[in-house]
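Each chain is listed here by its residues.
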Amino acid sequence: MKTVRPEIDAPIGVFDSGVGGLTVIRSLLSLLPNEKFIYVGDTARVPYGTKSPETVRRYALEIAGFLLKSQVKMVVAACNTVSALAMDKLRLFLPVSVLGVIEPGARAALAASKHRRVGVIGTEATVRSRAYQQAINRLDDSIKVFSSPCPLFVPLVEEGWLGHAVTKQVAAQYLSPLLAKKIDTLVLGCTHYPLLKPVIQRVAGPGVELIDSADETAKAVRSRLEQDGLLLPPSRKRGGAEFFSSDDPAKFMFLGQKFLGSALRGVERIQLEGV
Ligand code: DGL
């Protein structure tokens, strides 16, 4: 359904199960400094990665309902789990363009892989969906894709154990089956994993290129805005982001600064409703 012609001055809606999607907002703010963003983190119900597809879809639609009321001109699902499971439903429900992080990540992996052996790590729900595998093989079916869920990474990142010995051990355990397959590229298919880049790179070794889909997603958003005639020119600059969370704003601000790379000025608590 694409029935509404959005206003060029309208904000872009970005959402995630929690604070992780701020890694995507960070890339968006740097590539699209004229645009205004509205970010929703569903911290009351995070994690999504351990939940069933039906539940993830319902949550995603509830957030989409909030963004629709905010009259956004585009929606970006910054959460890999939502992008893996709910894109069809979101596109049916929303009258504006909807982008996820999987296709951009798949494109970046394809460009990086020299030996056509790609590893994908993500939440249990993302890996079970095989969404990255399908997206990569849609682009090139000769690429061998090997995936592995890394459920302990999300709590380790939220605990701030980015360089801890335990995190290194966990990474070694999770990555060993993928490294045994001689992957040359590894997609960090979860919003939290870019914060573990140093430890993952150390475990994977210099021969494995890590793919973080945030920058690639920002590029995809820019080209879609251009295509839709909705890219704000500098003369109409709005700039910046407003943040909303479904649970304690103080916790969102505390955790969020690690993902955003700078302090968050304000976060408003919202109540998400069924659609
Ligand atoms: N944002 C989620 C993702 O990228 C990770 C956290 C969660 O499980 O909700 O898949």
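See above for the structure.
Student: It is not clear to me how the packing of aromatic side chains should be interpreted in this structure. Could you clarify?
Tutor: Here a ring pair, both rings aromatic, is described through the centre-centre distance and the interplanar angle of the planes. Summed over all chains, the structure comprises six aromatic pairs. A ring pair is formed by F153 and Y193, whose centres lie 5.2 Å apart and whose planes are at 85°; its orientation type is edge-to-face. Remark: Y193 occurs in the loop between β7 (185-189) and α10 (197-204) and F153 occurs in helix α8 (residues 153-158); sequence separation between them is 40 residues. For F153, a relative accessible area of 0% corresponds to the buried category. Site record: aromatic cluster; members linked through ring pairs are Y39, F243 and F252. The aromatic ring of Y59 is capped on one face by R45, whose charged end is 3.8 Å from the ring centroid.

Student: Looking at this model, I keep getting lost on the site of the ligand. Mind explaining?
Tutor: Neighbouring the ligand are 13 residues; D16, S17, Y48, G49 and T81 lie closest to it. One nitrogen or oxygen atom from the side chain of D16 is found 2.8 Å from a nitrogen atom belonging to the ligand. Within the backbone of Y48, an N or O atom sits 2.7 Å from an oxygen atom of the ligand. Against a free-state accessible area of 290 Å², the protein chains account for coverage of 99% of the ligand. Taken together, the residues of the shell around the ligand sort by class into five nonpolar, seven polar and one charged.

Student: What is the right way to read the layout of surface pockets from this model?
Tutor: The rolling of a water-molecule-sized probe over the atoms marks out the regions of remaining empty space. By volume, the largest pocket amounts to about 450 Å³. Taken together, 24 residues form the lining of the largest pocket, with S83, M87, R91, E103 and R138 sitting closest to its centre. Mapped onto the lining of the largest pocket, the elements with two or more residues apiece are α3 (80-85), α4 (87-93), α5 (102-112), α7 (131-139) and α11 (213-227).

Conventions we followed
Residues numbered from 1 in each chain as written. Predicted model: local features only at pLDDT ≥ 70, side-chain atom pairs only at ≥ 80, totals over all residues. Heavy atoms only, no water. Phe/Tyr/Trp six-rings, centres within 6.5 Å; stacked < 30°, edge-to-face > 60°. Helix = DSSP H or I, 4+ residues; strand = E, 2+ residues; numbered from the N terminus. Buried < 20%, exposed > 50% of the residue type's maximum accessible area, 1.4 Å probe, protein only. Lys NZ or Arg CZ within 6 Å of the ring centre and 35° of its normal. Near = heavy atom within 4 Å. Polar contact = N/O pair within 3.5 Å; in protein donor to acceptor, adjacent residues only side chain to side chain. Areas by Shrake-Rupley, 256 points an atom, 1.4 Å probe, with all protein chains shown as cover. Nonpolar A, V, L, I, M, F, W, Y, C, P; charged D, E, K, R; others polar. 1 Å grid on protein atoms, 1.4 Å probe; cavity = no way out; pocket = protein on both sides within 12 Å on 5 of 7 lines; lining within 4 Å. Points joined across faces, edges and corners; volume = space filled by probe spheres on them.

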